[in-house]
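What follows is the residue order along each chain.
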Amino acid sequence: YNGVSTHFKPVTDERELKRVKEKYHLPDRFFFFLGNTDPKKNTKGTLKAFSDFIAQTGSDHKLVMLDYDRSELEKILDEIGDKALINRIVLTGYVINTDLPAIYCQCEVFLYPSLRESFGIPMLEAMACGVPVITSSTSSMPEVAADAALIINPFNPAEITTALKQLLEDKTIAASLIEKGK
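Everything quoted here is computed from the prediction, not taken from an experiment.

Chemist: Which parts of the structure should I look at to understand the nonpolar core?
Modeler: Where a protein is soluble and globular, its nonpolar side chains tend to be buried together. Residues F32, I103, Y104 and F110 are the most contacted members of the largest nonpolar core, which totals 31 residues. Contributions of two or more residues to this core are made by α1 (14-23), β1 (30-33), α4 (100-106), β4 (109-112), α5 (121-128) and α6 (141-145). With 29 residues, the next largest nonpolar core counts L63, Y68, I80 and I86 among its residues.

Okay, here's the thing in structure tokens:
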């Protein structure tokens, strides 16, 4: 069966958290999104939802994305009509797998609103690290996540925005998802 490597677990070593934070220039408050240029990853919908979240809440959160091309990102931001959002996005460049748990552990929410996935290992990695997850109602994701994630319609960015607000406003729901994810 699919599963996660044993190094995906809560990171409590403050030196390790600080090392990874400095290495990848992580902000204090952020959401984590593993997107790429494949349309199935729903990068455009995620960025639209994040833009709307910032506009509706005035939050200082940033969005951390791994190894994503800045020029491709700028094209999408132009399409969604929010070029200034580039200032709220941290592009880490390539991240080695053993550093991922410390990134998961420092984010407030892991976003995995793909349009389709054959399984969705990153959801399980985030859950194993003790992070609340937002994922899609399509393909394998509802079965894999079960009741341990907020399930949204990935074709509706407003649902992603609402789920982000819900997790930040209701710590009981976030804590419940973290516990179920374990």
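Read on, since the account is not over.
Chemist: Can you help me understand the packing of helix α2 (residues 43-57) against helix α7 (residues 157-169) in this one?
Modeler: Between two packed helices, what matters for the description is the angle formed by their axes and the separation of those axes. Running from N to C, α2 and α7 point in directions that differ by 50 degrees, and their axes come no closer than 8 Å. One element, α2, and the other, α7, form an angle in the oblique class. Along this stretch, α2 crosses α7, giving a crossing that reads as right-handed. Each of G45, T46, K48, A49, D52, F53, Q56 and T57 in α2 lies in contact with α7, whose residues at this interface are P157, I160, T161, L164, K165 and L168. Per-class residue counts for the contact of α2 with α7 are 6 nonpolar, 5 polar and 3 charged.

Chemist: Is there a simple way to explain α5 in this structure?
Modeler: In an α-helix, one turn spans 3.6 residues; hence positions three or four apart end up facing the same way. Of all 8 residues in α5, 6 are buried; the element is thus mostly enclosed. Just downstream of α5 lies G130, where phi reads positive at about 80 degrees.

Chemist: Even after reading the chapter, I still don't get the pairing of β4, so can you show me in this structure?
Modeler: Alternating positions in β4 separate into two faces, V109 and L111 on one and F110 and Y112 on the other, with burial throughout. Judged from the 3 bridges that link them, β1 and β4 form a sheet pairing that is parallel. The residue bridging F33 from the neighbouring strand is L111, located in β4. One ladder, built from 3 bridges, connects β4 with strand β5 (residues 133-136); its direction is parallel. Bridge pairing in β5 places L111 opposite I134. Read from β4 through α5 to β5, the crossover connection turns out right-handed.

About the thresholds
Residues numbered from 1 in each chain as written. Predicted model: local features only at pLDDT ≥ 70, side-chain atom pairs only at ≥ 80, totals over all residues. Heavy atoms only, no water. Core = buried A, V, L, I, M, F, W, Y, C linked by side-chain atoms within 4.5 Å. Buried < 20%, exposed > 50% of the residue type's maximum accessible area, 1.4 Å probe, protein only. Helix = DSSP H or I, 4+ residues; strand = E, 2+ residues; numbered from the N terminus. Axes fitted to C-alpha atoms, helices over the stretch in contact; angles between N-to-C directions. Parallel < 35°, antiparallel > 145°, perpendicular 65-115°, else oblique. Left-handed = near helix turned anticlockwise from the far one by under 90°. Contact = heavy atoms within 4.5 Å. Nonpolar A, V, L, I, M, F, W, Y, C, P; charged D, E, K, R; others polar. Pairing = 2+ DSSP bridges. Right-handed = clockwise from strand over helix to strand, strands pointing away.

So, to be careful, I would describe these as geometric facts and stop short of saying anything about function.
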